[in-house]
Amino acid sequence: MTPRTRTTTPVDALTDALRERIAARVEDLRSSGRSLDLGDVDDLADRMVAAMPTVHPLDQPLGPFYDTAGLVAWLGISRQALFDRVRRGTVLACRTADGHLLYPSLQFGRNGAVRPGVVEAVGAFTRRGVDGWSVGAWLTTPTDVFEGHSAIDYLVVHRSSSTAVRRVAEAAAADAGTWAA
């Protein structure tokens, strides 16, 4: 790879980084006697952009959100697999008034996995029938339980340590039990 030149916007930086990586891949393939077949370039671009959260009017305080199509494309799974994760309480989904599901991006790490601690909290509330908006509010509301942080921020501050994950999971289980009573 060549040294990256100074760019003026994040879009320019991303475009430069992609250009470098694609050129390197083309060269690797060429040196092994192969060529790069990108297929439908617009489809590929759509799948790449799907990995980025969308803008939604309800972005604060939970957003930004992924929609179902974007999250399915980013994770490389079927809609059915995603809905199964929601049903099992391993992915947080918030249903809009018009019936669409939105997935707060705060729950995902860079690799698409649900952050440790979040999955336990979502599961605790889901098993008690608590709706996604309430779970999202619980995850993002500062509280003395987490030293003045929200559950999400507490996990980030403590780098999802096993102690922090356990503390969030225990607090979620206790609150879910109270809320469902």
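Residues numbered from 1 in each chain as written. Predicted model: local features only at pLDDT ≥ 70, side-chain atom pairs only at ≥ 80, totals over all residues. Heavy atoms only, no water.

Caption draft 1: Representation of the side chain of Thr 96 within the structure. The topology assignment puts Thr 96 in the loop between strand S2 (94-95) and strand S3 (101-104). Looking at Thr 96, its side chain comes within polar contact range of the side chain of Asp 98, at 2.3 Å. (Helix = DSSP H or I, 4+ residues; strand = E, 2+ residues; numbered from the N terminus. Polar contact = N/O pair within 3.5 Å; in protein donor to acceptor, adjacent residues only side chain to side chain.)

Caption draft 2: Broad picture of the pattern of salt bridges. Enumeration according to the criterion identifies five salt bridges in this entry. Residues Asp 16 and Arg 19 are paired through a salt bridge, measuring 3.3 Å at the closest nitrogen-oxygen approach. Of this pair, Asp 16 and Arg 19 are both found in helix H1 (residues 10-31), three residues apart, which corresponds to roughly one turn of the helix. Relative accessible area serves as the criterion here: at 51%, Arg 19 is assigned to the exposed category. (Salt bridge = Lys/Arg side-chain N within 4 Å of Asp/Glu carboxyl O. Buried < 20%, exposed > 50% of the residue type's maximum accessible area, 1.4 Å probe, protein only.)

Caption draft 3: Seen up close, helix H5 (residues 118-127). Among all positions in H5, only Val 118, Ala 121, Val 122, Gly 123, Ala 124 and Phe 125 are buried. With its phi angle positive at about 80°, Gly 129 sits one or two positions after the end of H5.

Caption draft 4: A look at the packing of aromatic side chains. Under the definition given, this model contains eight aromatic pairs. The rings of Phe 125, Trp 138, Phe 146, Tyr 154 and Trp 179 are connected pair by pair, giving a single aromatic cluster. (Phe/Tyr/Trp six-rings, centres within 6.5 Å; stacked < 30°, edge-to-face > 60°.)

Caption draft 5: Structural detail: the side chain of Ser 150. With respect to the secondary-structure elements, Ser 150 resides in the loop between helix H6 (132-140) and helix H7 (151-157). At a separation of 3.5 Å, a polar atom in the side chain of Ser 150 contacts the main-chain carbonyl oxygen of Leu 139. Residues within four places of Ser 150 in sequence aside, it is in contact with Leu 139, Thr 140, Thr 141 and Pro 142. (Contact = heavy atoms within 4.5 Å.)

Caption draft 6: Structural detail: a nonpolar patch on the surface. Residues Leu 14, Leu 18, Ile 22, Leu 36, Leu 38, Val 41, Met 48, Val 49 and Met 52 make up a contiguous nonpolar surface patch of about 720 Å² in total accessible area. Secondary-structure elements contributing two or more residues to the nonpolar patch are H1 and helix H2 (41-50). Inspection of the secondary structure puts Met 52 in the loop between H2 and strand S1 (65-67). (Patch = residues over 30% accessible without salt bridge, like charges linked within 9 Å, V, L, I, M, F, W, Y side chains within 5 Å. Areas by Shrake-Rupley, 256 points an atom, 1.4 Å probe, with all protein chains shown as cover.)

Caption draft 7: Layout of the packing of H5 against helix H8 (residues 162-180). Look at H5 against H8: their axes get within 8 Å of each other, and the N-to-C directions meet at 15°. By the angle between their directions, the pair H5 and H8 is classed as roughly parallel. Helix-helix and strand crossings are classified by hand; for H5 and H8 the assignment is right-handed. Contacts between H5 and H8 involve Glu 120, Ala 121, Ala 124 and Phe 125 on the former and, on the latter, Val 165, Val 168, Ala 169, Ala 172, Ala 173, Asp 175, Ala 176 and Trp 179. (Axes fitted to C-alpha atoms, helices over the stretch in contact; angles between N-to-C directions. Parallel < 35°, antiparallel > 145°, perpendicular 65-115°, else oblique. Left-handed = near helix turned anticlockwise from the far one by under 90°.)

Caption draft 8: Local environment of the packing of helix H3 (residues 68-75) against helix H4 (residues 79-88). It is at 9 Å that the axes of H3 and H4 come closest, and there the two elements cross at 105°. Taken together, H3 and H4 sit at an angle that is classed as roughly perpendicular. The segment H3 lies against H4, with Thr 68, Ala 69, Leu 71, Val 72 and Leu 75 engaging Arg 79, Leu 82, Phe 83 and Arg 85. Across the contact of H3 with H4, the residue classes tally to six nonpolar, one polar and two charged. (Nonpolar A, V, L, I, M, F, W, Y, C, P; charged D, E, K, R; others polar.)

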